[in-house]
Each structure stands twice: as structure tokens, then as C-alpha cells.
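Spelled out, the chains give:
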Amino acid sequence: MKTILRFEFDFQFFYPEYNGPRNIIMENPLHIPQTGDPVNFKIKDYFEDKKVIRKFEDLEDGNVFYAQRLQTTYGQETIEVIVVIYEEKIFKEIFPQYIRDSLF
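Residues numbered from 1 in each chain as written. Predicted model: local features only at pLDDT ≥ 70, side-chain atom pairs only at ≥ 80, totals over all residues. Heavy atoms only, no water.

A.B. asks: When you look at the nonpolar core in this model, what are you seeing that I'm missing?
C.D. replies: One broad rule of soluble globular proteins: the nonpolar side chains tend to lie buried together. Grouped together as the largest cluster of nonpolar side chains are 22 residues, with contacts concentrated most on Phe 13, Phe 41, Phe 47 and Ile 85. At the level of elements, strand E1 (2–9), helix H1 (50–60), strand E4 (65–74) and strand E5 (78–87) are the ones that each hand at least two residues to this core. Once you skip the residues sitting within four places of it in the chain, Phe 41 turns out to touch Phe 7, Phe 9, Ile 24, Tyr 46, Phe 56, Glu 60 and Ile 85. (Core = buried A, V, L, I, M, F, W, Y, C linked by side-chain atoms within 4.5 Å. Buried < 20%, exposed > 50% of the residue type's maximum accessible area, 1.4 Å probe, protein only. Helix = DSSP H or I, 4+ residues; strand = E, 2+ residues; numbered from the N terminus. Contact = heavy atoms within 4.5 Å.)

A.B. asks: Can you help me understand the pairing of E1 in this one?
C.D. replies: In summary, the side chains of a regular strand alternate between the two faces of the sheet. Residues of E1 alternate between two faces, with Thr 3, Leu 5, Phe 7 and Phe 9 buried on one and Lys 2, Ile 4, Arg 6 and Glu 8 left unburied on the opposite face. Pairing analysis gives eight bridges linking E1 to E5, with the strands arranged parallel. The residue bridging Leu 5 from the neighbouring strand is Val 81, located in E5. When E1 meets strand E2 (residues 24–27), the two strands line up antiparallel, connected through four bridges. By the bridge assignment for E2, Arg 6 is matched with Ile 25. (Pairing = 2+ DSSP bridges.)

Right, dumping it as C-alpha cells:
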């Protein structure tokens, strides 16, 4: 059985003329984030376009991204999990029950 994890982004760091992939897909990941988990990406590992990388890095500066586990689809050979990534302020508005106080 194979597990596919697909990250989709609620925020846009793609420019209008960009024609490449707009999500991150992982096969058999070691960890699947749950709703409320803070997440981040080494974006250069997933995208090559310099404009996309720069925009993501600008958004990343001083920001936390949070996961929402949206859907899991089960098939005989494959499980696909879709996780939506939100900027912190948007996530707090939509899902205030998942925000934890800082440990620091």
C-alpha cells in the first residue's frame, strides 16, 4: 500500500504566468501533519522557479504556517491525504480552537 501526501496552499506565492506545479506531493511520508500543526518547507527542494521561491521566502519571514488535514481518500492500493497550508493569521481566524499558547 502506498500513501500520498498532497500539500495545497491557501495563500498564493505563484505569479499569474507561472505554469509549474502548485502543490507539494510526497510519497510514503514519515509524518502526516494534523490540523493545527505548524509546518514549513525547504521550498527549494520542491520548486525551481526563482520568483516562486522568493515569494515563499518573503511570506515565510516572520510568519508561521499551519496545517489543516482536509481529506483522506482510501483506495485498495493507495491512501491519499490532502493537507491545506494556511498563513498564521488566516488559520487563527478560521480555526481558533487549534491555536496553542506558546511553550516559551
